[in-house]
Amino acid sequence: MNELIRVTNLTKLYPVQKSFLDFIFAGGNREYVHAVDSVSFSIRKGEVLGLAGESGSGKSTTGRLILGLIHPTGGMVEYENRDISSLSRKELKTLRAKIQIVFQDPNSSLSPRMSVGEAIEHPLKIHRMGTKHERREKILGLMESIGLTPAGFLYKKYPHQLSGGQTQRVVLARALITDPDFLVADEPIAMADVSVRAMILELMKTLKDNLHLTYLFITHDLATAKYLCDRVAIMYLGRIVEIGERDEIFSYPHHPYTKALLSAVPVPDPGQKRKEKIPQGEIPSAIHPPAGCHFHPRCPYKMPECSREKPLFKDISQSHMSACFL
Ligand code: SF4
């Protein structure tokens, strides 16, 4: 399979806002939030790559960097082997139609003043696609195909008149209306109740196959990553600590953080004991991340070198890498 997206040493630092006095007391040194720290991976055409980790690990920032919604501090994003920072304005506009995002909270990502039809039409207007009649026909066709039925009736409805499942489908339709190749799905089911979650996951799977889509699926929930993803990358404090084929990650996790996350996934058996210890404490501050392995203050297996050196990726198998000294 060909690569669609390649990310190399992607880094995002946010300067910490300080008062003038704090700045002087800090000796004039600026501090930065290390949101994304030298992240590298690729996504093949037709693949679903899961980006998983606790909140604050840098997953959503990575997704926004890939889409060009925020500018990286360093590193590169390539789409079909072209560095997106080298594209002209016109090329970038064309690319924007091909890469889309589904946000976490459908209610806040839809304008309450726009009807369903207007919300789905909006990207078509931005990209000046089709006549008014063609746009309406396309929207109604897409609504039918993703289960927003009866399409003619729902077309005129407003977000507050829809159920949770319908709202999530409208957000999906808005992302799909420009015929994208690549979708960043940022916790697309996090706000949905359990019955809607299953429906949306199933729909995303069907759409991927029918429309030949490629996904970056951002989630804190490993159970959904296991269901939808072909490969999974685990992020911790801005870095990817383990990446591999889904079955490898779930059957033979290597990194202690991955093992701990997997052991925290609920299983429907009250008698089953956890195999791994849950990491102690919170994710450390991203302003002053721990030296060496970022995970060492919480790791039950830490060794002297863990607090001194950054562990590099090593191959666990042909399709599985982990950044750990163990
Ligand atoms: Fe734990 Fe050391 Fe591995 Fe980091 S490198 S996960 S601290 S054993």
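Preceding this paragraph is the structure being described.
Criteria and cut-off values
- Residues numbered from 1 in each chain as written.
- Predicted model: local features only at pLDDT ≥ 70, side-chain atom pairs only at ≥ 80, totals over all residues.
- Heavy atoms only, no water.
- Axes fitted to C-alpha atoms, helices over the stretch in contact; angles between N-to-C directions.
- Helix = DSSP H or I, 4+ residues; strand = E, 2+ residues; numbered from the N terminus.
- Parallel < 35°, antiparallel > 145°, perpendicular 65-115°, else oblique.
- Left-handed = near helix turned anticlockwise from the far one by under 90°.
- Contact = heavy atoms within 4.5 Å.
- Salt bridge = Lys/Arg side-chain N within 4 Å of Asp/Glu carboxyl O.
- Pairing = 2+ DSSP bridges.

Visitor: Describe in detail the packing of helix α5 (residues 116-126) against helix α8 (residues 164-176), supporting the description with residues and values.
Guide: Look at α5 against α8: their axes get within 7 Å of each other, and the N-to-C directions meet at 30 degrees. Classified by the angle their axes make, α5 and α8 are roughly parallel. Of the two possible hands of crossing, α5 and α8 adopt the one that is right-handed. Listed contacts from α8 to V116, A119, I120 and P123 of α5 are V170, A173 and R174.

Visitor: Tell me about the pattern of salt bridges, residues and numbers included.
Guide: Counted according to the given criterion, the structure contains 14 salt bridges. R6 is the partner of E3 in a salt bridge, and the nearest nitrogen-oxygen pair spans 2.6 Å. Note that E47 is salt-bridged to R231, the shortest N-O span being 2.7 Å. Note that E47 is positioned in the loop between β2 (32-44) and β3 (48-52) and R231 in strand β9 (residues 231-236), a separation of 184 residues in sequence. Among the charged side chains, a network of salt bridges with common partners joins R44, E47, R231 and E245.

Visitor: Go over the side chain of S322, please, and point to the residues and values.
Guide: As for its placement among the helices and strands, S322 is situated in strand β12 (residues 320-322). For S322, the residues in contact, after removing those within four places along its chain, are V241, E242, H254, H255, L312, F313, K314 and I316.

Visitor: Help me get a handle on the sheet that holds β12, residues and values and all.
Guide: Spatially, eight strands are ordered β6-β7-β8-β3-β9-β10-β12-β11 in an open sheet, and the strand pairing comes out mixed. The open sheet terminates on both sides in strands that have one partner only, identified here as β6 (99-102) and β11 (314-317). Across the sheet, the axes of successive neighbouring strands diverge by a mean angle of 20 degrees, strand direction being ignored. Taken together, the six bridges between β9 and strand β10 (residues 239-245) define a ladder with antiparallel strand orientation. Among the inter-strand pairings, Y236 is bridged to a residue of β10, identified as R239. On top of the sheet, helix α2 (residues 59-67) reaches β3, β6, β7 (182-186), β8 (214-219) and β9; it is set at about 150 degrees to β8, its chief contact. Across the sheet, helix α12 (residues 256-263) is in contact with β9 and β10; its angle to β9 comes to roughly 105 degrees.

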